[in-house]
Amino acid sequence: MRKVTLVSIASDNIKHIAMPMTDDGLVAASTFAGQSELLQNYGASSKPDTAVQVPLLEKVLLAIGAGKHIDYREFAASATRFGKKKPALSIDITSATELEVQQAAEGCLLGLDTPSSYKTSEVSLQEIELVVDASLTGLDITAALNLASRICAAREIINTPANDLWPAKLAELVTAQSAGLPVTVEIWDEAKLEQEGCGGILGVGLGSDRGPRLIKISYNGGGQHLGLVGKGITFDTGGLSLKPAESMVGMKYDMAGAATVMAAVLAIAERNLAVTVTALLCVAENMPSGRAMRPGDVLKMRNGKTVEVLNTDAEGRLVMADGLSILTEMKVDHIVDVATLTGAATIALGTRYAGIMGHGAAPDLVSSAAATSSEAMWQMPLPAELRPLLDSDIADLTNVKIGNRAGGMLIAGWFLSEFVEKDSSWAHIDIAGPANNDGAPYGSTSKGASGVAIRTLVQLAENLAKN
Ligand code: BES
Ligand code: MN
Ligand code: ZN
């Protein structure tokens, strides 16, 4: 982990000082506060993700665009990104409250993170200090830095190409990352999945030489029981309903939901929160082959329901179904599932918003946790008229309506609802849009895997622990 320290006066030996520039000018209770006009003459602006460097006295000021109101996480992330080639950076957040200092600490690590494990590093910044108001004593940024590190670790796993990441390998990584934490990890291989009746995960995994797994991570902190399910398709070719070449690019990210719930439960355990969490990662590689499931095949899922698979590319809902069924049997208090489930989510909400569906208390609980942690999520309906589209002639339901293009994200939501109890507290988060960022990095969002929804899940657990 990079060194991030809290100080109340910028160290003499650090030459570069980053400060937020808002619509009202430079925000810093330092000797530079009166320099807004000078900086504006140099072209400094409040536009987020812009930076202007101004040599001043013995220091170099970096005026970082921070919009109208400063979001300290995003500001600090921009600051470290613009300062990544410097040896050391002071970030002036003397206007920040205690909570905002913690957000800034998170932002420092998130902003420096690049999907770079297959490239030589372009980051030289090792020493970061956050210059905070002297009245803020007893501040602790350990939890913030730990969470940010978990997010970075999840991003790295999500970014890993599928030739280096398959179901059993993901299970090994989960075991390794759980070391030293108060959690237990249980891994179900194919034989065990068979014994346990997990027909969805097995069916999707059939086509691959690298068999499927269910990974269970349990943390017992007492209190309410939160169940998490993550979609872990290490690569989604579409199976026999093969994707066209261009749509297949990026399908290494199709295990983002699994990495997300892993990072969340580990961060929750690391904080010793007073909740109990069971996270189920439903992991398979969706490949076409002589053994692959065919369109028209019928699978028997963990909860006994039968599914006629009309499109093998709607595989996420099949693996998720088994995870949801297990948590339902366990009678957990709330279920939240996270999945890069549908391309339709991107059509509906673009690439920066996740869609929330479900019933009972969970959707509102997730929405409010997302708002607190500044993650963009939007509640979507499950319109009753869409449910009959999944009626099957020969099984309990189909996995898609062939030929239908309307409301794809919502139909997927309806499918999942068949594997939780009616009116129970359940939220489904479709992260197909924001799970990865194809464009340039911005604020705390890196290029590639974003790690979206981890902060929301940890915040949700924190809120549950208080009630
Ligand atoms: N993994 C995809 C969804 C996806 C698409 C995620 C694009 C990220 C970007 C999922 O398994 C899938 O293929 N869904 C199909 C469903 C369809 C067959 C009903 C889709 O969205 O086309
Ligand atoms: Mn698919
Ligand atoms: Zn998929």
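Residues numbered from 1 in each chain as written. Chains lettered and ligands numbered in written order. Predicted model: local features only at pLDDT ≥ 70, side-chain atom pairs only at ≥ 80, totals over all residues. Heavy atoms only, no water.

Enquirer: Can you lay out the overall build of the chain for me, pointing to particular residues and giving the numbers?
Expert: For the chain, the count of helices and strands is 14 helices and 20 strands. The C-alpha radius of gyration computed for the chain amounts to 23 Å, which stays within 12% of the reference 23 Å derived for 467 residues, consistent with globular compactness. Structurally, the chain occupies a C-alpha span of about 80 × 45 × 40 Å along its principal axes. As displayed, the chain has an accessible area near 18,500 Å², and 52% of this comes from carbon and sulfur atoms. (Helix = DSSP H or I, 4+ residues; strand = E, 2+ residues; numbered from the N terminus. Rg over C-alpha atoms; globule rule 2.2 N^0.38 Å. Areas by Shrake-Rupley, 256 points an atom, 1.4 Å probe, with all protein chains shown as cover.)

Enquirer: Break down helix α3 (residues 98-112) for me, with residues and values.
Expert: Relative to the 21 Å expected for 15 residues at 1.5 Å per residue, α3 spans 22 Å between its end C-alpha atoms, a close match to the ideal helical length. By the criterion of burial, α3 is predominantly enclosed, with 11 of the 15 residues buried. Here α3 has its buried residues at Val 101, Gln 103, Ala 104, Ala 105, Glu 106, Gly 107, Cys 108, Leu 109, Leu 110, Gly 111 and Leu 112. For α3, the secondary structure elements touched by its buried residues are β1 (3-7), α2 (72-82), β6 (88-92), β7 (127-131), α4 (142-159) and α14 (454-466). (Expected span 1.5 Å × (residues − 1). Buried < 20%, exposed > 50% of the residue type's maximum accessible area, 1.4 Å probe, protein only. Contact = heavy atoms within 4.5 Å.)

Enquirer: Which residues make up the coordination of the zinc ion (ligand 3), and what values do they have?
Expert: Note on the zinc ion (ligand 3): its protein donors are Lys 231 (NZ), Asp 236 (OD), Asp 254 (OD) and Glu 315 (OE). The metal-donor distances range over 2.0 to 2.4 Å. Given six donor atoms and angles of 78 to 172° at the metal, the environment of the zinc ion (ligand 3) is assigned as octahedral. Written as a sequence motif, the donor arrangement for the zinc ion (ligand 3) is K-x4-D-x17-D-x60-E. (Donors = N, O, S within 2.8 Å, 3.2 Å for Na, K, Ca; no water. Tetrahedral: all angles 85-135°; square planar, octahedral: opposite > 155°, others 65-115°.)

Enquirer: I'd like a description of the coordination of the manganese ion (ligand 2), backed by residues and values.
Expert: Summarising the metal site, the manganese ion (ligand 2) is bound by the protein donors Asp 236 (OD), Asp 313 (O), Asp 313 (OD) and Glu 315 (OE), whose distances to it range over 2.1 to 2.2 Å. Each of the six donor atoms bound to the manganese ion (ligand 2) contributes to angles spanning 70 to 168°, and the resulting shape is irregular. Sequence spacing of the donor residues for the manganese ion (ligand 2), all on one chain, is D-x76-D-x1-E. A distance of 3.2 Å spans the gap from the manganese ion (ligand 2) to the zinc ion (ligand 3), which Asp 236 bridges by coordinating each metal. Separated by 79 residues along the polypeptide, Asp 236 in strand β10 (residues 225-236) and Glu 315 in the loop between β13 (306-308) and α10 (316-329) bring together distant segments of the chain. Residue classification places Asp 236 among the buried residues on the basis of a relative accessible area of 3%.

Enquirer: Run through the packing of helix α12 (residues 362-372) against α14, naming residues and quoting values.
Expert: Two elements in contact, α12 and α14, have axes separated by 8 Å at closest approach and are oriented at 115°. The orientation of α12 with respect to α14, classified from their angle, is roughly perpendicular. Crossing of α12 over α14 shows right-handed handedness. Along its contact with α12, which presents Leu 365, Val 366, Ser 368, Ala 369, Ala 370 and Thr 372, the element α14 presents Thr 456, Gln 459, Leu 460, Asn 463 and Leu 464. Classifying every residue of the contact of α12 with α14 by side-chain character gives six nonpolar, five polar and no charged. (Axes fitted to C-alpha atoms, helices over the stretch in contact; angles between N-to-C directions. Parallel < 35°, antiparallel > 145°, perpendicular 65-115°, else oblique. Left-handed = near helix turned anticlockwise from the far one by under 90°. Nonpolar A, V, L, I, M, F, W, Y, C, P; charged D, E, K, R; others polar.)

Enquirer: Provide a residue-level description of the nonpolar core, including the pertinent values.
Expert: Core analysis: the largest hydrophobic core is formed by 90 residues, its most contacted members being Ile 91, Ile 93, Ile 217 and Leu 281. When residues of this core are assigned to domains, at least three fall in each of domain 1 (3-132) and domain 2 (152-466). Apart from residues no more than four positions distant in its own chain, Ile 91 is found in contact with Ala 18, Phe 75, Ala 76, Ala 79, Thr 80, Cys 108, Ile 128, Glu 129, Leu 130 and Val 131. One finds Leu 318, Met 409, Ala 412 and Trp 414 within the second-largest nonpolar core, a separate group that totals 46 residues. (Core = buried A, V, L, I, M, F, W, Y, C linked by side-chain atoms within 4.5 Å. Domains from an automatic or database assignment.)

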